[in-house]
Amino acid sequence: MTKFKFSNIPTSTRIIVAMTMGLIIGSFSVTLYSTVNHLADAFVMLLQMTALPYISLSLMVGIGGLSASKAKSALKSTIILVILLIALMLCFILMAPLSFPSWQTAEFYSANTVKVSQEFNIVELFIPSNPFNAFANAVIPSVVFFSVFIGVGLIPIKNKRQTLAVLGNLKQSVSNISHLVMRFAPIGVFCIGWRAAATLDASQLDGLMIYVASALVLTALLTFLVFPALLATITPFGYRAIIKASREAMITAFATGSFFVVIPIIVEKTKQLITTQYPDTDNVDKVSDVIVPISYSLPVGGKLLSLLFVLFAAWFSGAYISFEDYVQLVVMGIPQLFGTSTLAMQNLLEIFNVSHSMFDFFLVSENLVVGRLSALLSVTFASCLPILVATSMAKAFTLKKKSLIKYLIIIPAISVLSFISLKYAFSSISYQYEGYVKFIERDFLMESVKSTHVDNAQNNSANLQPNVGVLSRIKQRGFIRVGYYRDDLPYSFHNNKGKLVGFDIEIMNQLALDLNVDIEFVKVFRNQAQTLLTSGYLDITTGVPVIPDNMFKYTLTMPYSSQSLAIIVKDKRREEFTNWDNILQRDDLILGIPESFYYEKAIARTFTHGKAWEISTPRLFFKPEFSHIDAMLFGAAASSAWTLLNPSYTVVVPKPELAPLFMAFPINKNDHSFELFMRNWITMKQQSKTLDKLFDYWIKGNSNLADKKQ
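Predicted, not measured: the structure shown is a model, and the values here were computed from it. What you see as residue numbers is a count from 1 along each chain, following the sequence as written. Confidence filtering applies because this is a predicted model: local features only for residues at pLDDT of at least 70, side-chain atom pairs given and counted only at 80 or more, and all residues used for totals across whole chains, interfaces and linings. Heavy atoms throughout the structure, all of them, feed into the side-chain values; hydrogens and water do not.

Visitor: Just checking my understanding: could you explain the side chain of aspartate 487 for this structure?
Guide: Note on conventions: DSSP H or I runs of at least 4 residues are helices, E runs of at least 2 residues are strands, and numbering of each starts at the N terminus. Relative to the helices and strands, aspartate 487 is located in the loop between strand E2 (479–485) and strand E3 (493–494). Contacts described as polar in this section are N or O atom pairs within 3.5 Å, which, within protein, must combine one atom able to donate a hydrogen with one able to accept it, while residues neighboring in sequence count only if both atoms come from side chains. A distance of 2.7 Å separates the side chain of aspartate 487 from the side chain of arginine 619, its partner in a polar contact. For aspartate 487, the residues in contact, after removing those within four places along its chain, are Thr617, Pro618, Arg619 and Trp642. Contacts are assigned to residue pairs with any non-hydrogen atoms lying within 4.5 Å of each other.

Visitor: Can you walk me through the packing of aromatic side chains in this structure?
Guide: Here the distance between the centres and the angle between the planes together describe a pair of aromatic rings. Paired rings are identified among Phe, Tyr and Trp, the last through its six-membered ring, by centres lying within 6.5 Å, and are further divided according to the angle between planes into stacked (under 30 degrees), edge-to-face (over 60) and tilted (the rest). Applying the stated criterion across every chain, the model contains 19 aromatic pairs. Aromatic pair phenylalanine 503 and tyrosine 560: ring centres 5.9 Å apart, planes at 45°, arrangement tilted. With phenylalanine 503 in helix H20 (residues 503–515) and tyrosine 560 in the loop between strand E8 (555–556) and strand E9 (561–563), this pair connects stretches of sequence that are 57 residues apart. Of the two residues, phenylalanine 503 and tyrosine 560, both sit in the buried class. Their ring planes at 70° and their centres at 5.2 Å tell us that phenylalanine 621 and phenylalanine 622 sit as a pair that is edge-to-face. We note that phenylalanine 621, like phenylalanine 622, is buried. With a 1.4 Å probe rolled over the protein chains alone, any residue whose accessible area is under 20% of its type maximum counts as buried; one over 50% counts as exposed, and the rest are partly exposed.

Visitor: Help me out: how do you make sense of the pattern of salt bridges in this one?
Guide: Salt bridge, as applied in this entry: a Lys or Arg side-chain nitrogen positioned within 4 Å of an Asp or Glu carboxyl oxygen. Counted under the stated rule, the structure contains 16 salt bridges. Note that aspartate 630 is salt-bridged to arginine 573, the shortest N-O span being 2.9 Å. With a gap of 57 residues between them, aspartate 630 in the loop between strand E12 (611–615) and strand E13 (631–635) and arginine 573 in the loop between strand E10 (565–570) and helix H23 (580–585) connect regions that are remote in the sequence. We classify arginine 573 as partly exposed; its relative accessible area is 24%. With its nearest N and O atoms 3.9 Å apart, the salt bridge here joins aspartate 692 to lysine 689. Judged by relative accessible area, aspartate 692 falls into the partly exposed class, the value being 41%. Looking at lysine 689, the relative accessible area reads 47%, which means it is partly exposed. One salt-bridge network, held together by shared partners, links Arg573, Glu576, Arg586, Asp588 and Asp630.

Visitor: Help me understand the packing of helix H13 (residues 305–316) against helix H14 (residues 323–336), please; the structure alone is not making it clear to me.
Guide: Packed helices, taken two at a time, are described by the angle their axes make and the gap between the axes. Their axes nearest at 11 Å, the elements H13 and H14 cross at an angle of 140°. In this view, H13 runs oblique relative to H14, as classed from their interaxial angle. For the pair H13 and H14, the crossing hand works out as right-handed. Packed against H13, whose contacting residues are Leu307, Val310 and Leu311, the element H14 presents Tyr326, Leu329, Gly333 and Ile334 at the interface. As a working rule, the residues Ala, Val, Leu, Ile, Met, Phe, Trp, Tyr, Cys and Pro are called nonpolar, Asp, Glu, Lys and Arg charged, and the rest polar, with Gly in that last group. Along the lines of polarity and charge, the residues of the contact of H13 with H14 split into six nonpolar, one polar and no charged. The angle between two axes is taken between their N-to-C directions and runs from 0 to 180 degrees, where each axis is a line fitted to C-alpha atoms and a helix contributes only its stretch in contact. Just so you know how the angles are binned, under 35 degrees is roughly parallel, over 145 roughly antiparallel, 65 to 115 roughly perpendicular, and the rest oblique. Less than a right angle of anticlockwise turn of the near helix away from the far helix marks a crossing as left-handed, whereas a clockwise turn marks it as right-handed.

Visitor: Would you explain helix H21 (residues 526–534) in this entry?
Guide: Residues spaced three or four apart along an α-helix point in a common direction, a consequence of the helix completing one turn every 3.6 residues. Those residues of H21 that fall on the buried side of the exposure criterion are Arg526, Ala529, Leu532 and Leu533. The arc that holds the buried residues of H21, viewed along the axis, is 95°, so those residues lie on one side. Projecting away from the buried face of H21 at angles above 90 degrees are the exposed residues Asn527 and Thr531. Buried residues along H21 sit in contact with E2, strand E5 (518–524), strand E6 (540–541), strand E7 (544–545) and strand E16 (666–667). What the arc covers is the set of directions going from the helix axis to the C-beta atoms.

Visitor: How should I be thinking about the side chain of arginine 442 in this particular structure?
Guide: As for its position among the elements, arginine 442 is in the loop between helix H18 (435–440) and strand E1 (451–454). Only four residue types enter the tally: Lys and Arg on the positive side, Asp and Glu on the negative side, with His and both chain ends excluded. In this structure arginine 442 is buried but unpaired, with glutamate 506 as the nearest side chain of opposite charge at 8.7 Å. Here the side chain of arginine 442 touches tyrosine 697 through a polar contact of 2.7 Å, landing on its backbone oxygen.

Visitor: Explain the confidence of the model for the chain to me, please; I cannot follow it from the model alone.
Guide: Note that predicted coordinates carrying low pLDDT should not be read in detail. In predicted models, pLDDT denotes the confidence assigned by the predictor to each residue on a 0 to 100 scale. Here the chain shows a mean pLDDT of 80. Residues at 70 or above account for 85%. Across residues 108–112 the pLDDT falls below 50, and counting only partners more than four positions away or on other chains, this stretch makes 22 contacts in the model. The low-confidence segment residues 114–118 (pLDDT under 50) makes 15 contacts with residues lying over four places distant or belonging to another chain.

Visitor: Is there a simple way to explain the pairing of strand E11 (residues 590–594) in this structure?
Guide: In regular strands, side chains alternate between the two faces of the sheet. A large share of E11 lies buried, amounting to five of its five residues. At least two bridges found by DSSP between two strands is the condition for calling them paired. Note: E11 against E12, five bridges, orientation parallel. In the strand pairing of E12, glycine 592 is matched with tryptophan 613.

This is the structure:
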């Protein structure tokens, strides 16, 4: 009877067991111990420590050891095979949206809604003016580019054997360190699994399950079926051999969420497999050293899952996707992925002019699940590519007819069944649009005072005190009288219980609290406000944009918030309103502008071609009788609130981004003491972060703040 030895258990098996145990313990553990967190970080950092030097040295040695003819042959084969594999992946990625159900949605305002994306500069990304800076900051494309050129520079040198030997020994020493680190992989992965389970917030998956499920199925199909089946059909390698060579790297990459850290493992495992099959082929052993590190910087493997997220974001935002959009996504999207997917995503979202608030969704999905799936898919791609290139260099491509027939039946059948099953599962989910409910059910975040509200101004002599300062009459009355405007979302509105709430309403409550008085809210029309303030009936009103028209009418307090200009438009027409120059040059457009934003002289100067109509309330824009108005110009924060109530519309911030409009509270022109008081009071609330908290709650929709009421 053979005695059991722990060392006989394959490393991949030990890693799987360790990760499973970590997930189980973490899911039941209330506390994440600092030791566990530090060990998880230490393991990932040790893997990262060897990866970048290994990539650089592998490229230098691998390319430098080739002859000029072999280098040309390998380059030609690699380019062709990379294009074919990308095309294969794109077929599956572009089919995935077929499983998306018809759901209606909209989103709260986000700072990312008006964020200008970083300019993508492929030249700076790849060409390092300072290679040491590229190494120090882990700019992988620049490191790869530099290392490739050093390798190319070594090719024509005759007496390069000693140089290659030194570089080869350095590479081997880094590889030995990597193997040493992997001996502790079960412990590191156990800690990573514990941390992931202990810190997972299930609520973060809300709204992302469609993308996560689609990415999971897509990754499983490509990783465990399509790519291994392709190799098993046209190369001498069998399905099991391919999976066995990559499983250790796949498990570690999935556990750590990083493809970068397992590059040394992929190189060594694929090299062993290739040299076993082609022992007598010249230079074939160097293929993995060159191909695998280069693949990290190419827009291949898991990076292409970013295209799936763009399609998901477009669907989730209600954007109409045409055939031309698919072509544009491929042509413009793939070059963006030479860098990191995180850097590229903000530019990719612009292809469909999807709101940049979806970038928050992307970060959540990447950190929770999809980043691990991406690393897993990248390992599979990077394992298959050198095997195909080596087979091409050895001229050993052989078509196995039985395998071809088997996989031509199995792969389409399983793929179609998977997508149909996803669509059926998604359609069976009882989905209900909750944006309106989340918006309308909110109550005050902070302490409030006793308040009343009236629907019409009672502007009689008993209520008029034009010659008494605001602070004095507030003290005499025992309450502050505030005018609020109808349809002023999200600044003032009635919640589902009929209570008057909103960003400005709660600010006014905080003002009354500090004045130690009650509050009376009066609903007013905007054309009434100036008269009611001058007469002394109103003490202050909720906010208005700081534009010359309002500055002539009132004395305005110092700004307490701001809004960027945006366009509200039907989802299917969003692409018509992505650029200000295009909008302003069109003669056939009619833009509605609510009266609070209607700056007459500026609009007359700007809209010289199309028509700009003043409308009394944004509510009119959404009524059928106003369907002749193509879009509405409004503040981005207010626009997002209205789309929550009308989810078939979307918010577009055209480029270039215009300067934001500040919001301020109107008061009587002649009351300088109250203006000074409000200036100091707003400054105090800004410094205490009170206004920031209220902005996050009422404008951004951060409901978590409600659990931490002051």
